[in-house]
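# A structural walkthrough
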Amino acid sequence: MKIEVGQRFDFEVDREDVESTESGSIIATWYHMGNPIYVELSVSKTMIQEIRKLFKNNRNKTALISIARISKSKYVVNPTVVLLNRQLRDVKQIK
């Protein structure tokens, strides 16, 4: 999956993947309308640097982030919150 200029996506990334990659791709969880989908995220050197800034002063193993591409080589990476959709099953009526 590649992020184009003007697009913004929410991902869950692992610290281990980010630290072991300079550019290329990493496996990330993309949250589309609250549903998790595993994708191969194409990352550049500048994107990896921005993601590493979030891991810099903590010990978290994963991070929920929002990545927006604002120009050809500039990304904005922020922590985010993702709401997961779940369907109710076996709903019983209370009388």
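These notes cover the structure that comes with them. (Residues numbered from 1 in each chain as written. Predicted model: local features only at pLDDT ≥ 70, side-chain atom pairs only at ≥ 80, totals over all residues. Heavy atoms only, no water.)

### Brief notes about the pattern of salt bridges
- If you walk through the whole model with that rule in mind, you get 4 salt bridges.
- E22 is the partner of R52 in a salt bridge, and the nearest nitrogen-oxygen pair spans 3.4 Å. Residue R52 is located in helix α2 (residues 45–55), and its partner E22 is located in the loop between α1 (15–19) and β2 (24–32); the two are separated by 30 residues in the primary sequence.
- Residue class for R52 comes out partly exposed when judged on its relative accessible area of 25%.
- The shortest N-O distance in the salt bridge between E50 and K53 comes to 3.1 Å. Placement of the pair is E50 and K53 together in helix α2, with a separation of 3 residues, close to one helical turn.
- For K53, a relative accessible area of 55% gives the class exposed. (Salt bridge = Lys/Arg side-chain N within 4 Å of Asp/Glu carboxyl O. Helix = DSSP H or I, 4+ residues; strand = E, 2+ residues; numbered from the N terminus. Buried < 20%, exposed > 50% of the residue type's maximum accessible area, 1.4 Å probe, protein only.)

### Examining α2
- Buried within α2 we find M47, I48, I51 and F55. Looking down the long axis of α2, one finds its buried residues gathered within 95° of arc, a one-sided arrangement. Exposed residues on α2 whose side chains face more than 90 degrees from its buried face are K45 and K53.
- The secondary structure elements touched by the buried residues of α2 are β1 (8–14), α1, β3 (35–43), β4 (62–69) and β5 (75–79). (Arc of directions from axis to C-beta. Contact = heavy atoms within 4.5 Å.)

### Regarding the sheet that holds β3
- Pairing is antiparallel across the open sheet formed by 5 strands, whose spatial order is β3-β2-β1-β4-β5. The two strands at the open ends of the sheet, each matched to only one other strand, are β3 and β5. Across the sheet, the axes of successive neighbouring strands diverge by a mean angle of 40°, strand direction being ignored.
- The pairing of β2 with β3 spans 9 bridges and is antiparallel. Residue T29 lies in a different strand from β3, and its bridge partner there is Y38.
- Contacting β1, β3, β4 and β5, α2 runs over the sheet at an angle of about 25° to β5. (Pairing = 2+ DSSP bridges. Axes fitted to C-alpha atoms, helices over the stretch in contact; angles between N-to-C directions.)

### Comments concerning the pairing of β5
- As defined by bridge partners, β4 adjoins β5 across 5 bridges and the pair is classed as antiparallel. Looking at β5, one finds that I65 is bridged to P79.
- Hairpin connection, β4 to β5: the antiparallel pair is bridged by 5 residues.

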